[in-house]
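Read off the chains here:
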Amino acid sequence: IIIFIFGEVISACCLDEGFYISEYEKMQTASDMGMSHEELMSATNVLLDYLKDKRDNIDLTVTVDGKKVKMFDERETLHMIDVKALYINALTVTRILGALGLLSFFAIIAFNKKRSGVFLGYLKGNGIFLAILAVLGIYAAIDFNSFWTGFHKLFFTNDLWLLYPDERLIQMVPEQFFSDLVFRIVLFVVICAGIPAAVNFVLYKIFKKKEL
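This one's a predicted model, so the numbers in the text were calculated from it and none came from an experiment. Starting from 1, residues in each chain are numbered consecutively following that chain's sequence as written. Two thresholds apply to this predicted model, a pLDDT of at least 70 for residue-level local features and 80 or more for giving and counting side-chain atom pairs, whereas whole-chain, interface and lining totals are computed over all residues. No hydrogens and no water enter the side-chain calculation; it runs on all heavy atoms of the structure.

Colleague: Outline the overall build of the chain, supporting the account with residue identities and numerical values.
Modeller: Secondary structure follows DSSP: runs of H or I at least 4 residues long count as helices, runs of E at least 2 residues long count as strands, and numbering of each begins at the N terminus. Helices and strands together make up the secondary structure of the chain, namely nine helices and two strands. Secondary structure elements in the chain, listed N-terminal to C-terminal, are α-α-α-α-β-β-α-α-α-α-α. Here the radius of gyration uses the C-alpha set of atoms, whereas the globule reference equals 2.2 Å times the residue count to the power 0.38. Its C-alpha atoms give the chain a radius of gyration of 21 Å, more than 25% over the compact-globule value 17 Å for 212 residues. Dimensions along the principal axes, computed over C-alpha positions, put the chain at roughly 75 × 35 × 30 Å. To sort residues, take the accessible area from a 1.4 Å probe on protein chains only and compare it with the maximum for the residue type: under 20% means buried, over 50% means exposed, and anything in between is partly exposed. Here the chain holds 212 residues, and the buried ones make up 36% of them. Throughout, a contact is declared for two residues whenever any of their heavy atoms are within 4.5 Å. For the chain, the share of sequence-separated contacts (at least 6 apart) that also reach a separation of at least 24 residues comes to 75%. Each accessible area value is a Shrake-Rupley result obtained with a 1.4 Å probe; residue values ignore everything except the protein chains displayed when judging cover. For the chain, the accessible area works out to roughly 12400 Å², and carbon and sulfur atoms hold 65% of it. On the chain, the mean spot of the 21 positive side-chain charges and the mean spot of the 24 negative ones are 18 Å from each other. The charged-residue count follows a simple rule in which Lys and Arg add positive charge and Asp and Glu add negative charge, with His and chain termini not counted at all. For the purpose of locating charges, the reference atoms are NZ of Lys, CZ of Arg, CG of Asp and CD of Glu.

Colleague: Residue-level account of helix 9 (residues 175-211), with values.
Modeller: Taking 1.5 Å of rise per residue, 37 residues should cover 54 Å, and helix 9 covers 52 Å from first to last C-alpha, within 8% of that figure. In helix 9, a bend of some 25 degrees at G194 exceeds every other bend along the element, and P196, a proline, comes one to four places later. Taken together, the buried positions of helix 9 are occupied by F177, S179, D180, L181, V182, I185, V189, A193, A197, N200 and Y204. Each residue after the first adds 1.5 Å to the expected span of a helix. Here the bend at a residue is taken as the angle between two axes, fitted respectively to the seven residues that end there and the seven that start there.

Colleague: Residues and numbers for the packing of helix 6 (residues 115-142) against helix 7 (residues 144-155), please.
Modeller: Each axis is a line fitted through C-alpha atoms, and for a helix only the stretch in contact is used; angles between axes span 0 to 180 degrees, taken between their N-to-C directions. Their axes nearest at 5 Å, the elements helix 6 and helix 7 cross at an angle of 120 degrees. Compared by their axis directions, helix 6 and helix 7 come out oblique. On helix 7, the residues touching L136, Y139, A140 and I142 of helix 6 are F144, S146 and F147. The residue inventory of the contact of helix 6 with helix 7, partitioned by class, reads six nonpolar, one polar and no charged. Angles below 35 degrees are treated as roughly parallel, those above 145 as roughly antiparallel, those between 65 and 115 as roughly perpendicular, and all remaining angles as oblique. Residue polarity follows a fixed list, in which Ala, Val, Leu, Ile, Met, Phe, Trp, Tyr, Cys and Pro are nonpolar, Asp, Glu, Lys and Arg are charged, and the others, Gly among them, are polar.

Colleague: Which residues make up the pairing of strand 2 (residues 67-70), and what values go with them?
Modeller: Remember that side chains alternate between the two faces of the sheet whenever the strand is regular. Strand direction decides the pairing type here: strand 1 (residues 61-64) and strand 2, joined by four bridges, are antiparallel. Bridging from a neighbouring strand, T63 pairs with K68 of strand 2. Being paired, for any two strands, means DSSP has found at least two bridges between them. Counting the residues in the hairpin turn of strand 1 and strand 2 gives two residues, including D65, whose phi is positive at 55 degrees.

Colleague: Please give an account of the nonpolar core that cites residues and values.
Modeller: Within soluble globular proteins, side chains that are nonpolar tend to cluster in buried spots. By convention a nonpolar core is built from buried Ala, Val, Leu, Ile, Met, Phe, Trp, Tyr and Cys residues, the set being connected through side-chain atoms within 4.5 Å. Of all hydrophobic cores here, the largest spans 48 residues; its most connected members are M71, F72 and M172. When residues of this core are assigned to their parent elements, the largest contribution, eight residues, is made by helix 4 (residues 37-51). In contact with M172, not counting residues within four places along its chain, are Y24, T29, M33, L40, A43, T44, L47, M71 and F72. Counting five residues, the second largest nonpolar core, distinct from the first, contains F144, F147, W148 and V182.

Colleague: So, the packing of helix 2 (residues 17-27) against helix 4: which residues are in play, and what are the values?
Modeller: With their axes 11 Å apart at the nearest point, helix 2 and helix 4 run at an angle of 140 degrees to one another. Between helix 2 and helix 4, the interaxial angle falls into the category oblique. As helix 2 runs across helix 4, the sense of the crossing is right-handed. For the pair helix 2 and helix 4, the contacting residues are E17, Y20, I21 and Y24 in the first and H37, L40, M41, T44, N45 and L48 in the second. When the near helix sits turned anticlockwise from the far one by under a right angle, the crossing is termed left-handed; a clockwise turn instead gives a right-handed crossing.

Quick look at the structure:
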């Protein structure tokens, strides 16, 4: 259940168009890339629609410094194929785990006379997950470059993620963008995981009192 919450928060944050707009304005991305804000958002929506599996490619022509050019090169296109596969597979796995988690949670409650133990178990699992998240968050805060490099080495089997500074994908979403995104994800995971944890805590106290 907790992993499901984590996956859904990542998905929501990564596909939040408003976040991209905010980051682009903060970093003046459009002007730095020699593009209009409208064309930059058009390219962003192409990427987001691609991840959502609403389109088959990221082919797009834009105007950069007054010239019509192809937005993404071959290396960027190949990397996005890997990103899309990772995103869809991760989302599928977390949703399956979420369904299995809910089924097992209610099944255990139905067949367990000491229901307080079920709620306590969830709280312990939640605590372990948040502790791991805290360690990763501290690691990212101390050395985000190392954290981000480690993430890519763990989840990608090639070096296509090593993009050049002049490639537009890296200009759109540089390290600062992902740093802001990761800490946003951590914040929302803590909030979203905290709600069912609070409910479980209340239920634990109620059933513990009844069992005593």
